[in-house]
Amino acid sequence: MDSWTEYALGQLLSFEQPTAYIVESTDYDNNYKTPVLTAGKTFILGYTNEEQGIYDVLPVIIFDDFTTASQYVNFKFKVKSSAMKILTTNTDLVLPKFIFYRMQIIKFDASTHKRYWIQHYSKIKVKIPPLATQERIVSRIEELFSQLDAGVAELRTAKERLKVYRQAVLKEAFEGVLTASEKFGTALLSNYIEKPRYGTSKKCDYAHSEKSVDVYRIPNIDYATGHISHEDIKYSEFSNDELEQIKLEHGDILIIRSNGSGSLVGRAALIRENDTKGTFAGYLMRLRIKDKSSLVPEFLLYYLQSHEARIYIENKAKSTSGVHNINSSEISGLKIPIFRAEDQWSIVTAIESRLSVCDNIEKTVDTALRQAEALRQSILKKAFEGGL
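This report concerns the structure included in the present document. Since this is a predicted model, take the numbers as computed values, not measurements. (Residues numbered from 1 in each chain as written. Predicted model: local features only at pLDDT ≥ 70, side-chain atom pairs only at ≥ 80, totals over all residues. Heavy atoms only, no water.)

### Some thoughts on the overall build of the protein chain
Quick note on the threshold: Note on conventions: DSSP H or I runs of at least 4 residues are helices, E runs of at least 2 residues are strands, and numbering of each starts at the N terminus. Each residue is placed in one exposure class: buried if its accessible area under a 1.4 Å probe, protein chains only, is under 20% of its type's maximum, exposed if it is over 50%, and partly exposed if it falls in between. By definition in these notes, contact holds between two residues if any of their heavy atoms fall within 4.5 Å. Note on areas: Shrake-Rupley with a 1.4 Å probe; residue coverage comes only from the protein chains shown.
In terms of helices and strands, the protein chain carries eight helices and 22 strands. Reported as C-alpha extents along the three principal axes, the dimensions of the protein chain are approximately 75 × 45 × 45 Å. Here the protein chain holds 388 residues, and the buried ones make up 44% of them. Counting contacts in the protein chain only where the partners sit at least 6 residues apart, residues at least 24 apart contribute 76% of the total. As displayed, the protein chain offers around 20700 Å² of accessible surface, 49% of which is attributable to carbon and sulfur atoms.

Spelled out as structure tokens, the structure:
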């Protein structure tokens, strides 16, 4: 077996401060040419039309000095911020791809918000084989990763197909096809709900006392299930008069009314009995049905997920400011399909029976995706232990 020599990362990699390559404007557009990079999972934040300060001495590794995340880059780019160190290799000792892959299995605690490269990360020691061995290892890693990526692509395609299937179920449901129910046209949501109520603007935090009340926020809207998540709860204290305005009842629906992502605006969760002790924050809006014998809450919850409702909401919420909003008047103007109450329940049952199968398949796919990521780490670990 070839001898492997130990080096500190700082001996193998030189860093360049990114000051000259930081993007000036965040006016990104996919039609522009130059990608703006971060070292995290997002990687390409967007594209800029700036022509100055483009990094072009390739390949390199970009390294987030706060999180220690890294990315291998072989195309011209600009960076988001000064946290992105640009690392180049001592090619007499190490290949860029080899050291990049080796960095992916380094265990490093980056839990505090400070810069790490100079004082800490660059001092980590790794063993490096001769260049010819590095080439063989990189080749084998990329061969295995190519096979793994093909499997991951198929899994992600399956997830996309599940999304299409969900929308097909909802479409047929609200046309009355699933249950052979008679649809009596459409009507404005405002005919069935009280005036929508915005949540509290009062500051809330994790500290709480006996007088504290749960405050549901955007992270608590588990719109995939339509439930309130009781993880990551914050609290605040309210007078009786304040609570009277923003209390929750079984059958209320909370929707996200404001967010930087337009796809999240209008996402909703149904208030169940065990959620009624809480109240809700200002970026959420409460929909309360006046007569549940005329409009079934679960029926409305599912309709808010439908393609027709999403198109309406996202068009209303569009913004050039970066924050997308839908107000009480706009959500009240949503047109909903009209069915008899008993047919609404039949439609809800039909939707849930089909989507439960879909949910189970999606859980299986998600498990496989997590296993694929674990396998990726296993491949790298074996590679640098000489196991490939």
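We are not done yet, so read on.
### Looking at the sheet that holds strand β18 (residues 268–270)
Quick reminder of the rule: Criterion used throughout: strands pair if DSSP finds at least two bridges between them.
Taking strand neighbours across the sheet as the criterion, the four strands line up as β11-β20-β16-β18 in an open arrangement whose pairing is antiparallel. In this open sheet, the two edge strands, each paired with only one partner strand, are β11 (197–198) and β18. Examined bridge by bridge, strand β16 (residues 253–256) and β18 share three bridges and lie antiparallel to one another. Directly across from isoleucine 253, in β18, lies its bridge partner leucine 270.

### Some remarks on the side chain of threonine 279
The criterion, for reference: Think of a polar contact as two N or O atoms within 3.5 Å of one another; within protein, one of them needs to be a possible hydrogen donor and the other a possible acceptor, and neighboring residues in sequence only count if both atoms come from side chains.
Mapping threonine 279 onto the fold places it in strand β19 (residues 279–280). Within polar-contact distance, the side chain of threonine 279 engages the backbone oxygen of isoleucine 246 at 2.7 Å. Those residues in contact with threonine 279 that lie beyond four places of it in its chain are Val213, Asp214, Val215, Tyr216, Phe238, Ile246 and Leu248.

### As for the packing of aromatic side chains
This is how the line gets drawn: A pair of Phe, Tyr and Trp rings is counted when the ring centres sit within 6.5 Å of each other, with Trp represented by its six-membered ring. The angle between the planes then sorts it: under 30 degrees is stacked, over 60 is edge-to-face, the rest tilted.
Considering all chains together, one arrives at 16 aromatic pairs under this definition. With a centroid separation of 5.0 Å and 80° between ring planes, the pair formed by tyrosine 21 and tyrosine 55 is classed as edge-to-face. One end of the pair, tyrosine 21, is in the loop between β2 (13–16) and β3 (34–37); the other, tyrosine 55, is in the loop between β4 (44–48) and β5 (60–64), and 34 residues separate them in sequence. Given a relative accessible area of 16%, tyrosine 21 falls into the buried group. The buried category is assigned to tyrosine 55, whose relative accessible area is 4%. Between phenylalanine 108 and tyrosine 121, the aromatic rings sit 5.4 Å apart at their centres with planes inclined by 70°, giving edge-to-face as the arrangement. Within this pair, whereas phenylalanine 108 is found in the loop between α2 (96–103) and β9 (125–128), its partner tyrosine 121 is found in the loop between α2 and β9, the two being separated by 13 residues in sequence.

### Here we look at the sheet that holds strand β15 (residues 234–236)
One open sheet accounts for three strands, arranged β15-β12-β19; its pairing is mixed. Bordering the open sheet on either side are β15 and β19, each of which pairs with just one other strand. Sheet topology places strand β12 (residues 213–216) next to β19; two bridges connect them, and they run parallel. Within β19, the position partnered with tyrosine 216 by the bridge is phenylalanine 280.

### A closer look at the packing of helix α3 (residues 131–174) against helix α8 (residues 341–383)
The criterion, for reference: With axes taken as lines fitted to C-alpha atoms, and helix axes fitted only over the stretch in contact, angles between N-to-C directions fall between 0 and 180 degrees. Angular relationships are summarised with four words: roughly parallel below 35 degrees, roughly antiparallel beyond 145, roughly perpendicular across 65 to 115, and oblique for the angles in between. The classification used treats Ala, Val, Leu, Ile, Met, Phe, Trp, Tyr, Cys and Pro as nonpolar, Asp, Glu, Lys and Arg as charged, and all other residues, Gly among them, as polar.
Axis separation between α3 and α8 bottoms out at 10 Å; the angle between their running directions is 170°. Comparing their axes, α8 and α3 come out roughly antiparallel. Here the contact of α3 with α8 is composed, by residue class, of 27 nonpolar, no polar and nine charged.

Remember that the coordinates give geometry; whether it matters functionally is a separate question.
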